[in-house]
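Next come the chains, spelled out residue by residue.
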Amino acid sequence: MTTSHSPTRLAILGSTGSIGTQALQVVAENPEAFEVCILAAGSNSEQLQQQQQQHPQSRAILVLSPRDGDKPDTFEHGSEALHEALEELKVDLVLNGITGFAGLEFSLKALQCGSNLALANKESLVTAGALLKSAAIQNGAEILPVDSEHNAIQQCLNGHKETTVSKITLTASGGPFRGWDRSRLTDVTSEQALAHPTWKMGPRISIDSATMFNKAFELIEAVELFGEPDQGIDVIVHPQSVIHAIVEFKDGSSIAHLSEPDMRVPIRNALHLLQRTPGNFQPLNLVSRGELTFETVDHKTFPAIELAREVLKHSGTTMGTVFNAADEVAVHAFLSGDSGFLTIYDLVARAIDEHEPVPADSLEVICEADQETRNRVRSWIP
Ligand SMILES: NC(=O)c1ccc[n+]([C@@H]2O[C@H](COP(=O)([O-])OP(=O)(O)OC[C@H]3O[C@@H](n4cnc5c(N)ncnc54)[C@H](OP(=O)(O)O)[C@@H]3O)[C@@H](O)[C@H]2O)c1
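The following paragraphs examine the structure supplied in this document. Quick caveat: nothing in here was measured; it's all calculated off a predicted structure.

Some words on the overall build of the protein chain
Item 1. Helices and strands together make up the secondary structure of the protein chain, namely 16 helices and 12 strands.
Item 2. Relative to the 2.2 N^0.38 estimate, which gives 21 Å for 382 residues, the radius of gyration of the protein chain is 20 Å and therefore close to what a compact globule would have.
Item 3. Considering only C-alpha atoms, the protein chain reaches an extent of 55 × 50 × 40 Å along its principal axes.
Item 4. Of the contacts formed within the protein chain by residues at least 6 apart in sequence, a portion of 70% connects residues at least 24 apart.

What to know about the sheet that holds strand β4 (residues 75-77)
Item 1. A sheet is described by the order of its strands in space; here seven strands give the open sequence β4-β3-β2-β1-β5-β6-β7, paired in parallel fashion. Two strands in the sheet have a free side with no partner beyond their single neighbour: β4 and β7 (143-145). Along the sheet, successive strands turn relative to each other by an average axial angle of 25°, direction set aside.
Item 2. Across four bridges, the pairing between strand β1 (residues 8-13) and strand β5 (residues 93-96) is parallel. Across the sheet, L10 pairs through a bridge with L93, a residue of β5.
Item 3. Its contacts with the sheet place helix α2 (residues 45-54) against β2 (34-41), β3 (59-62) and β4, and it is angled at close to 170° to β2.

Considering the environment of L108
Item 1. Looking at the secondary structure, you find L108 in helix α4 (residues 104-112).
Item 2. On a C-alpha basis, the gap between L108 and V26 in space is 24 Å, while along the polypeptide they are 82 residues apart.
Item 3. Not counting the four nearest positions on each side in its chain, L108 is found in contact with A128, L131, L132, A135 and L363.

A word on the sheet that holds strand β11 (residues 254-258)
Item 1. Taking strand neighbours across the sheet as the criterion, the five strands line up as β11-β10-β8-β9-β12 in an open arrangement whose pairing is mixed. On the outer flanks of this sheet lie β11 and β12 (295-296), each paired with one strand and no other.
Item 2. Pairing of strand β8 (residues 165-172) with strand β10 (residues 243-249), which is carried by five bridges, proceeds in the antiparallel orientation. What sits directly across from T169, in β10, is I246.

Procedures and definitions
- Residues numbered from 1 in each chain as written.
- Predicted model: local features only at pLDDT ≥ 70, side-chain atom pairs only at ≥ 80, totals over all residues.
- Helix = DSSP H or I, 4+ residues; strand = E, 2+ residues; numbered from the N terminus.
- Rg over C-alpha atoms; globule rule 2.2 N^0.38 Å.
- Contact = placed C-beta atoms within 7 Å.
- Pairing = 2+ DSSP bridges.
- Axes fitted to C-alpha atoms, helices over the stretch in contact; angles between N-to-C directions.

Spelled out as structure tokens, the structure:
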């Protein structure tokens, strides 16, 4: 990938969320390096308005109805407006920090417009990996991983071919319920599940971290991005979240990526197109950190990763969409108090068990599978 000295023309999707606001902090570290052309959010019009004031040259787009009913006339509204802006401006780089399946259509659009895609929205690759990769190739665009583990893998690879890799290891913090057994999880509350020990993130990914569905999605995301090496992709628990991924090469060397748990590190790397650009960060001090520890995943209590391995047997089909849609509905039901924490596993397992996969070869097929799964899973929730 080549870099130029002219500023990177940037779109930040999900600008009001955890990833979006941190991306704007990274932009503020080196304002001359970027021209923020598009800011897009879901429904938080107040925060989007503040962001637009800081980037007055940008087009601000609210995709959903405003949360407070206020519709500033400096905004554009609706998903169609965002599609049009991506098409008209053809920015250099689109950071997709939208949460959930809603992000997919914009990932695809960005690549179809020839924009490089800094991808935090893991749901895009879980549901439509093949479609996105072929759109990237057809339009000469690149997918730059923002998820910390995948960005870490990319950095460990550092240009080495995937064929030189023997094994990839993803690390997981273990979430707030690490070490708990199944019986203790029956009555956990959303407050307990949202209290992530090392990362501050949006509600959906926080619950997914507590169930370990987040790591399950990341396993699929890693296979889509880097393929499956001979010795496979392993997941281990590393509660301190300092090592984000390890790549073992066929010559016996393993390279790991380390940093304090701070999403601005992978966001900075992706926004600067993998170039090492100075920024603000807390230096890693391994002596004061003390012990770094590692454990195996308790798959009996947290069966999400094993479910992902089932989904991977149907790679390239609608199974990934069903996996994600069932989890989105189940997490929503848990957060609204309509179902319990352990029910999330039951709903997702049933959804994939009952699904007859078909090739996920168009956005229409994928959207249909998504909608059908949502209807089905909702009907199982009392
Ligand atoms: N947070 C992290 O540390 C982290 C790390 C790795 C990967 N990720 C991934 O990054 C993505 C975002 O996570 P997050 O934690 O930043 O989530 P978040 O804090 O909940 O933010 C989500 C963003 O998406 C917007 N949004 C929600 N629904 C939308 C829709 N239908 N159309 C358009 N925009 C919509 C929200 O807008 P409003 O708030 O204005 O409604 C908000 O800006 C997820 O896919 C997650 O898995 C996050």
